[in-house]
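For reference, the chains in residue letters:
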Amino acid sequence: MSPLRLNLPADTHRSMYIHTPLPSYWSNRSPLCTSPLNSWQKQRTQTHREGARVPKSPISAPIFSLLQHSSAQDLSLEMWYGRVALRRLQRIAVAPLSVGSSLTRAAQREMSSLPRVYITRQIPPEGLRILRESGQVQFDIWDSDDVPVPRKELLKKVKGVDGLVCVLTEKIDAELLDAAGPNLKVLSTMSVGFDHLSLEELKKRRIRVGYTPDVLTDAVAELTVALLLTTSRRLVEATHEAKTGGWGTWRTLWLCGYELANSTVGILGLGRIGVAIAERLKPFKVKKFIYTDVAPRPELARMIDAEYVSMDELARQSDFLAVCCALTPETKEICNKDLFSKMKNTSIFINTSRGGVVHQEDLYEALSSGQIAGAGLDVTVPEPLPTSHPLFTLKNCVILPHIASASYTTRNAMSALAANNLLLGLKGEPMIKELKL
Ligand SMILES: O=C(O)C(=O)CO
């Protein structure tokens, strides 16, 4: 491909060697996929034809200005709005830019003195925009959404970096921190969970850690309610029956499930997310909320009028049991046959925290023997759960591929928070959300 000549805006040199990928998940993956970018593209095409005002692009402004100033202006309109143009521009955006030589050298000098950051996955555009516009860092990125960075590559790429932005699939342990070396001062994970981080090793090396709580609470709570209703009202079974000819005459007890009205909902691990779930379930006329945790949490409990109970009582009383605790050595496989054996055989078990809190073989036993009525899991061990896993054979088990926080708004907010945490950490300032090690 011949290099495209770019007319750069005056301040572009600040981000010249910063990769600026246009994440592929904002582009059109299938005709059925409507991403903000697709709909923006459609609107833009329409409004351009009609001479109306062009709506604001969901692409971050600098990428868009880079695109606007590129010789994409020379491309035909059709191509510009098409998938091919998008791919071409994506390549331009990640390529080192070719500009006037004196500017290049000056910018090169400036850039090479900036802290180096490695980003282990394509993150949503807002975080990239913040990093790029800060002019504070130079970064390199594993430019893929659907394939995690191979460990070997990661160990190579982190060598000498000052900061690291990771997602929950990367194990940040002694080996990785050793590979990074003593420059590494800040780790920013785009997740609320931190079970993939070896906190002890990070503390030992005085590496500060940012994470992304709060911004995902609404999305996770929404998904938990959706999963709970899907499981308790047997929606997956029902759509399957409807699609495959199992739908005969209306029947009195066919596909009956369990309702929230007058039920007791138990929360294992009461935090922000547990409260947000309870707030959403209350209008369904839940009779009582109960919870257990390492200790009572009266301030949170008051918000949802929840009663503190023992783990045994939680198991015995809950019609719906939602797991909301973090995965720690103390909570590992805490949901095991001991818990399931105390639950009612009409109870529904829901887990949107981490797969590791559940003993999966025990859960399989409890579900297949009718010890409990159903389970909805957004998280498993391992992830992805192999399609041959026995849990997939059960009609009363609904399994989602870890999507609780997967809304455009939330993932962008997580990405922005991770970027801001990183920048603040590198400046030696308090992060917006920092783990106390
Ligand atoms: O942020 C996390 O910890 C997740 O599990 C993603 O939703």
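Residues numbered from 1 in each chain as written. Predicted model: local features only at pLDDT ≥ 70, side-chain atom pairs only at ≥ 80, totals over all residues. Heavy atoms only, no water.

- Going by the annotation in an unreviewed UniProt entry, the name recorded for the protein chain is Glyoxylate reductase/hydroxypyruvate reductase, with Esox lucius given as the source organism.
- Quoted verbatim from the Sequence similarities (unreviewed entry) field of UniProt, the annotation for the protein chain is "Belongs to the D-isomer specific 2-hydroxyacid dehydrogenase family." (UniProt positions renumbered as here; feature names shortened; annotations may be inferred.)

**As for the sheet that holds strand β9 (residues 320–323)**
Argument step 1. In space, the seven strands of this open sheet follow the order β8-β7-β6-β9-β10-β11-β12, with parallel pairing throughout. The open sheet has two free edges, formed respectively by β8 (306–308) and β12 (397–399), since each of these has just one partner strand. Ignoring strand direction, the axes of neighbouring strands in this sheet form an average angle of 20 degrees.
Argument step 2. In this sheet, β12 lies alongside strand β11 (residues 374–377) in parallel orientation, the contact comprising three bridges. Paired with A375 across the two strands is C397, which belongs to β12.
Argument step 3. The strands touched by helix α10 (residues 217–232) within the sheet are β9, β10 (348–351), β11 and β12, with β10 carrying the most contacts at an inclination of about 150 degrees. (Pairing = 2+ DSSP bridges. Helix = DSSP H or I, 4+ residues; strand = E, 2+ residues; numbered from the N terminus. Axes fitted to C-alpha atoms, helices over the stretch in contact; angles between N-to-C directions. Contact = heavy atoms within 4.5 Å.)

**What to know about the sheet that holds strand β3 (residues 163–166)**
Argument step 1. In spatial order, the strands read β2-β1-β3-β4-β5; together these five strands make up an open sheet with parallel pairing. Strands at the two margins of the open sheet, each flanked by one partner only, are β2 (138–141) and β5 (208–210). Going across the sheet, the axis of each strand differs from the next one's by a mean of 15 degrees, ignoring polarity.
Argument step 2. Lying on the sheet, helix α6 (residues 125–134) is in contact with β1 (116–119) and β2; it crosses β2 at an angle near 150 degrees.
Argument step 3. Together, β1, β3, β4 (186–189) and β5 form the strand contacts of helix α17 (residues 408–426), whose direction differs from that of β4 by roughly 170 degrees.

**Considerations on the packing of aromatic side chains**
Argument step 1. Scanning all chains against the criterion turns up three aromatic pairs.
Argument step 2. Note on Y291 and Y308: the rings are 5.3 Å apart at their centroids and 65 degrees apart in plane angle, and the pair reads as edge-to-face. In this pair, Y291 sits in strand β7 (residues 288–292) while Y308 sits in strand β8, placing the two residues 17 residues apart along the sequence.
Argument step 3. Residue Y291 is classed as buried on the basis of its relative accessible area of 2%. (Phe/Tyr/Trp six-rings, centres within 6.5 Å; stacked < 30°, edge-to-face > 60°. Buried < 20%, exposed > 50% of the residue type's maximum accessible area, 1.4 Å probe, protein only.)

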